[in-house]
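What the coordinates show
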Amino acid sequence: MTITTPKQAGGGVAPSNLVTFQIDELEVSVPKGTLVIRAAEQVGIQIPRFCDHPLLEPAGACRQCLVDVSMPDREGNLRPMPKPQASCTLTVAPGMVVKTQRTSAMADKAQHGVMELLLINHPLDCPVCDKGGECPLQNQAMSNGRSTSRFVDIKRTYPKPISISTEILLDRERCVLCQRCTRFQEQIAGDPFIALQDRGARSQIGLFSADVLGFGGDVPAGPAALDESGRPFASYFSGNTIQICPVGALTNASYRFRSRPFDLVSTPGIGEHDSCGSAIRIDHRRGAVLRRMAGDDASVNEEWITDKDRFAFTWQSAPDRIATPLVRDETTGQLRSASWAEALDVAAAGLAAATTAGGGHGVGVLPGGRLTLEDSYAYAKFARAVLGTNDVDQRVRPHSAEEDAFLGHAVAGRTVGGAGSVTFTDLEQAPTVLLVALEAEEEAGVTYLRLRKGVLAGRTAVFSVAPLASRGLDRISGTLVAAAPGTEPEVLDAITGSAPLGQLRTVADGLTTAGSVILVGERLAAVPGGFTAVLRLAERTGARLAWIPRRAGERGGVETGALPGLLPGGRPVSDARARVDVAAAWDVPSLPTTAGRTTTEILRAARKGKLSALVVGGVELADLPDPAKAVRAIEKVGFVVSLEVRASAVTELADVVLPVAPPTEKAGTYLNWEGRPRPFPQALASTALADHRALDALAAAMGAELGLRTITAVHAEIDQLGAWDGARIDAPVESAAEPTELAPGQAVLASWHLLLDAGRLQDGERFLAGTAKRTVARTSAATATAAGLTDGELVRVSSAHGSVTVRLAVTAMPDLVVWLPTNAPDCAVRTSLRADAGDVVQLAPADPAGDDVVSTDSAGSDNNDEVSA
Amino acid sequence: MADDARDPKEPTGDAEVAQTHPGGDLDRPVEAAGFESLIEAKTGLGEMLAPVAGFGVTFSAMFRPTITEQYPFERVPTKPRFHGRHQLNRYADGLEKCIGCELCAWACPADAIYVEGASNSPEAQFSPGERYGRVYQINYLRCIFCGLCIEACPTRALTMTNEFELAGPTREGLIWEKQDLLAPMPVGALAAPHPMAPGATDTDYYRGEVTGTAEEQIDWVREFRPDDPTLPGAATATTAPAEQGRTR
């Protein structure tokens, strides 16, 4: 029997690289360097193991995989090795003869012995252990262990679970010291927050604490490295250690004692928290999601997901879920429950009167950035075909006309496999990756792990154009190309082959190497000239370009036309042929020709009475660049229809609220940043409607046929439209803004969202919230001195509209810049300061007698992520 | 044989009717044997009394003790190991034995048991150790009284009583909840939640080394639930936390 592994070398391994050996009397050929345990898997022979994991380096820690090995000597005579060998650390050699427990009594006895030793100190905890029923130790003790225990002595005990973080509990008695968790944290995540401590029988996994290990001077610096519970080195990926723990040593606080695997129904899903499209598994019982696990998708997230994707799911069943349609009562002015028929009629009448055809000023559509492909397509079609407007924009964040052009020019149509597309595998293989306005760990967690994998393999060098080197960048040995907010275009333009020898030259030379990639974050939209400079750089160096938004639906929205300048398939609105194309497919006489307004323009028009109504999807007003103005716009505009999962600032002001389904209660597809469709089925039975179905019903109530009632109908229509082969939108040409003059005490604000913050999609998960990073403001030492600030003390950052007061962490970064997290629980920059990255703020030491120890504006708590509608 | 007169293959006068079947002829066995009783036929007086001989059983039964049970007017105890409805037992100090492990639900072939575990806390300790059964339901419309659940129970929390009167007018009423299934309080026990006996581990409980309610437990309940009905009856019994009992 010959086994080859095509996946390693892409379609067959050259015979010279194959090693032929024998395993349980089967002749096997595998690529050179394959471990015996992997080769055995390929021929269907299961060797018991605990420490071995295909994505981690071999460790040989548990010794459970012992096999009997014979090797040919120099004369070719087969000589048995004197002792059984660990098959998880042994690479195959030509002529080797391996006998597993199936054919060798010695191997079987050795495995029984190891199992007996592992169980000596393992408590008889199975009935109370969360792993019970899905536990490799339980299973392998049955398959490869003794049926009775000979151990009569006293077991070593430890106090029952200690909490490693608020989210993760460690039961040291159950641990078999396989070190999968510590190896994961070290090799994959780069957050060694737990480590093996002590020696001999007292070896144990423990927190990376200075008392035990002594940091050797590497003590975490100030409050910045601590999480909410005050522990150092909290990790965004710690949940994966629970999943790979082969015993019940690491368990999860929120899932503790909740259920057993036989209770659970598992449905595959896709993470809705970022644009990576991580495969997940949703485990639910009796209509309630109990936990989420990482799915296994080698091309996207491998087997890892962020803690946010794993633990933040309670928002979908939060108590403020809207159960029935709501209509504003004419007499009382309050929202009241209504039937779908009534709500649709009221909404249809209001919208019909607001359209330009109906005598109004028109309707603006704000779908929000967390929609599935199907839903955002429905919004795009509803706006154009039913409301007759191009005023549709999914972006609920700082954006610009330059970004419109960039998305239409360089992003739309670049789906996976297409020309110029970038995939996760490309990142891992890229010689140079330049991050622009993207904090990979915070804004695209799984992407960060892929970058790190390439870096650790010695293939990839990462550079980041950012104001400061975060701990995330340090952990991928990234090089900071320092740029104060607003100066990014200048820095990007300086990356040329003719630059003087130095950092910029290194980046330029690196990017010209084939396979190099530039990753652009959505935050670059706030920098005038940024996208223009990035496109110039890509053209100059030949590096490929990928755009990584934060929200799960934004990449899909570019393809479905949830932007003012784009029709489905990335067709430009300005192109007459594209409009005819789409009008024919939609069976409407014509499409609106006037260019649409962006989110900010829609809200401004609504505020000024130039729009009569708004259709709002999952939009969190506090996420908008100016939340106060957005609230005024919603208040001013005559008629608001909101399609929401949970009560929000918009639903409070809306005239009609249509409840829609969260991702677990509908089927759909996300398009991840690669442009890879990530379809997922409906997990929970539900009566809630997906947005596309609600919009279809709304259109029907308005007397129009949207034809998007079922997901099949949406797919059929998208397929029928097909890709656009015509010209894309022209590249943006925008010049960088002149830097602002700064008065003394002033600084330019730099800011990005942390992975775990005050976002609405993390509501109701207090264990997860405890692992968030502590809020700090960061400035350089010189800036701090100039403004009279002390490291570790409170600093008051203020604008004309308000202030926040947080602790200062002096950081190596450009002078006259202050960094704040965009939406931390006690630091909602957009709500409190009404400022964003690039704006000028005032720095001052906090008045110790002042009452503003925490942020002055309490409205910031439900900021950030709008609910996917 | 004599009465097997007709050969199936012989024409019957109507050739179309004679069908052969792969398994043999349709209307009679291939080899039909005549009936011959193995019981010897009675002769003489026996033959004469044969028609009324059956009444002999009836008459003799009249003089045997009656075994008819006059249920429900008279209730006869069942056999001691009869599989009746379940009971969730308690330890001597009133803590529940159930740890919510769901092994009973797992073992149940009729899917009649539903359990949800939860974490004990210092404020609310329902069972010894970390975990207790927060929700415990047995659906007696489904239960087949096979007893696999009580065999699966690792703490002997679930046992079966001899009670069998489980009829009811509603479906809901036949889903028994935890409070319906819990055993009555042992004498001197204190209703959960309350802390474990001082110094005792869950293993000590399991080994039966906790034999009564400790003063500390009574004090705790007195402090936090002063009007608990079990409080007056909770006599202090000496608790013997095993000194050596650190093994698991």
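Residues numbered from 1 in each chain as written. Chains lettered and ligands numbered in written order. Predicted model: local features only at pLDDT ≥ 70, side-chain atom pairs only at ≥ 80, totals over all residues. Heavy atoms only, no water.

- With an unreviewed UniProt entry as reference, chain A is termed NADH-quinone oxidoreductase subunit G, source organism Pengzhenrongella frigida.
- Per UniProt, chain A carries the Sequence similarities (unreviewed entry) text "Belongs to the complex I 75 kDa subunit family." (UniProt positions renumbered as here; feature names shortened; annotations may be inferred.)

Section: the overall build of chain B
- For chain B, the count of helices and strands is 7 helices and 7 strands.
- Start at the N end of chain B and walk to the C end: the helices and strands fall as β-β-α-α-β-α-β-β-α-β-β-α-α-α.
- Across the 248 residues in chain B, those meeting the buried criterion constitute 37%.
- When contacts within chain B are restricted to residue pairs at least 6 apart in sequence, those whose partners lie at least 24 apart make up 73%.
- Accessible surface, chain B as shown: approximately 16100 Å² in total, 58% of it carbon and sulfur. (Helix = DSSP H or I, 4+ residues; strand = E, 2+ residues; numbered from the N terminus. Buried < 20%, exposed > 50% of the residue type's maximum accessible area, 1.4 Å probe, protein only. Contact = heavy atoms within 4.5 Å. Areas by Shrake-Rupley, 256 points an atom, 1.4 Å probe, with all protein chains shown as cover.)

Examining the overall build of chain A
- Each helix and strand in chain A was counted, giving 28 helices and 37 strands.
- In terms of overall dimensions, chain A is globule-like: its C-alpha atoms have a radius of gyration of 29 Å, near the 29 Å expected for 869 residues.
- Projected onto the principal axes, the alpha-carbon positions of chain A cover approximately 90 × 65 × 60 Å.
- Out of the 869 residues belonging to chain A, those deemed buried represent 60%.
- Taking contacts inside chain A between residues at least 6 apart in sequence as the whole, the part at least 24 apart equals 71%.
- Summed over all atoms, the accessible surface of chain A reaches about 31800 Å², with 53% contributed by carbon and sulfur.
- Both charge centroids of chain A, one from 84 positive and one from 101 negative side chains, sit 5 Å from each other. (Rg over C-alpha atoms; globule rule 2.2 N^0.38 Å. Lys, Arg positive; Asp, Glu negative; His and termini not counted. Charge placed at Lys NZ, Arg CZ, Asp CG, Glu CD.)

A closer look at the nonpolar core
Residue and element names in this part refer to chain A.
- Ranked by internal contacts, the top residues of the largest apolar core, which has 99 residues, are Phe21, Ile23 and Leu519.
- Looking at this core, the element that brings in the most residues is helix α14 (residues 445-456), giving 5 residues.
- The contacts of Ile23, once residues within four sequence positions are left out, are Val28, Val36, Ala40, Val43, Ile45, Val98 and Thr100. (Core = buried A, V, L, I, M, F, W, Y, C linked by side-chain atoms within 4.5 Å.)

Structural notes on the UniProt feature "domain: 4Fe-4S Mo/W bis-MGD-type" (unreviewed entry) in chain A
- Those residues carrying the UniProt feature "domain: 4Fe-4S Mo/W bis-MGD-type" (unreviewed entry) are residues 264-320 of chain A in this numbering.
- Taken end to end, residues 264-320 of chain A is 9% helix and 35% strand, and its two terminal C-alpha atoms sit 25 Å from one another.

Some thoughts on the sheet that holds strand β4 (residues 113-119) of chain B
All names here are of chain B.
- The sheet built from 3 strands is open, its strands ordered β4-β5-β7 with antiparallel pairing. Only two strands of the sheet have a single partner each, and these edge strands are β4 and β7 (175-176).
- When strand β5 (residues 131-139) meets β7, the two strands line up antiparallel, connected through 2 bridges. For Ile138, the partnering residue across the bridge sits in β7 and is Trp176. (Pairing = 2+ DSSP bridges.)

Structural notes on the interface of chain B and chain A
- Listed by partner, the interface residues are 19 residues for chain B and 26 residues for chain A.
- Carbon and sulfur atoms make up 58% of the surface buried where chain B meets chain A, a total of about 1800 Å² over both sides.
- The tally of links from chain B across to chain A stands at 4 salt bridges.
- Close ionic contact of Arg256 of chain A with Glu130 of chain B constitutes a salt bridge, the shortest N to O distance being 2.9 Å.
- Between the two partners, chain B and chain A, sit 5 residue pairs in polar contact (both at pLDDT 80 or more).
- Those elements that provide at least two residues to the side of chain B that touches chain A are α3 (103-107), β4 and β5 of chain B.
- Looking at the side of chain B that touches chain A, its residues break down into 9 nonpolar, 4 polar and 6 charged. (Buried area = accessible area lost by both parts, 1.4 Å probe. Salt bridge = Lys/Arg side-chain N within 4 Å of Asp/Glu carboxyl O. Polar contact = N/O pair within 3.5 Å; in protein donor to acceptor, adjacent residues only side chain to side chain. Nonpolar A, V, L, I, M, F, W, Y, C, P; charged D, E, K, R; others polar.)

Structural notes on helix α20 (residues 576-586) of chain A
All names here are of chain A.
- For α20, the complete set of buried residues consists of Ala578, Arg579, Val582, Ala583, Ala585 and Trp586. Along α20, the residues classed as buried sweep out an arc of 160° about the axis, all on the same side. More than 90 degrees from the buried face of α20, the exposed residues found are Val580 and Ala584.
- Where α20 is buried, its residues meet α10 (373-386), β23 (566-567), β24 (571-572) and α25 (711-721).
- For α20, the side-chain oxygen to backbone nitrogen distance between the N-cap and Arg577 is 2.9 Å, and the N-cap itself is Asp575.
- Just beyond α20, the residue with positive phi is Asp587, at close to 60°. (Arc of directions from axis to C-beta.)

Focus on the domain arrangement of chain A
- Structurally, chain A comprises domain 1 (2-115), domain 2 (152-317), domain 3 (339-397 + 555-721), domain 4 (404-549) and domain 5 (746-855).
- One C-alpha centre belongs to domain 1 of chain A, the other to domain 4 of chain A, and the line joining them spans 41 Å. (Domains from an automatic or database assignment.)

Observations concerning the pattern of salt bridges
All names here are of chain A.
- Using the criterion set out here, one finds 70 salt bridges over all chains in the structure.
- Notably, a salt bridge pairs Asp393 with Arg395, separated by 2.9 Å at the nearest N-O pair.
- For Arg395, a relative accessible area of 0% puts it in the buried group.
- Here Lys453 makes a salt bridge to Glu428, at a shortest N to O gap of 3.5 Å. With Lys453 in helix α14 and Glu428 in helix α12 (residues 424-429), this residue pair connects regions lying 25 residues apart in the sequence.
- When its relative accessible area of 9% is taken as the criterion, Glu428 is described as buried.
- Several salt bridges converge on common partners, so that one network encompasses Asp393, Arg395, Arg397, Glu403, Asp404, Glu522, Arg551, Glu554 and Asp623.

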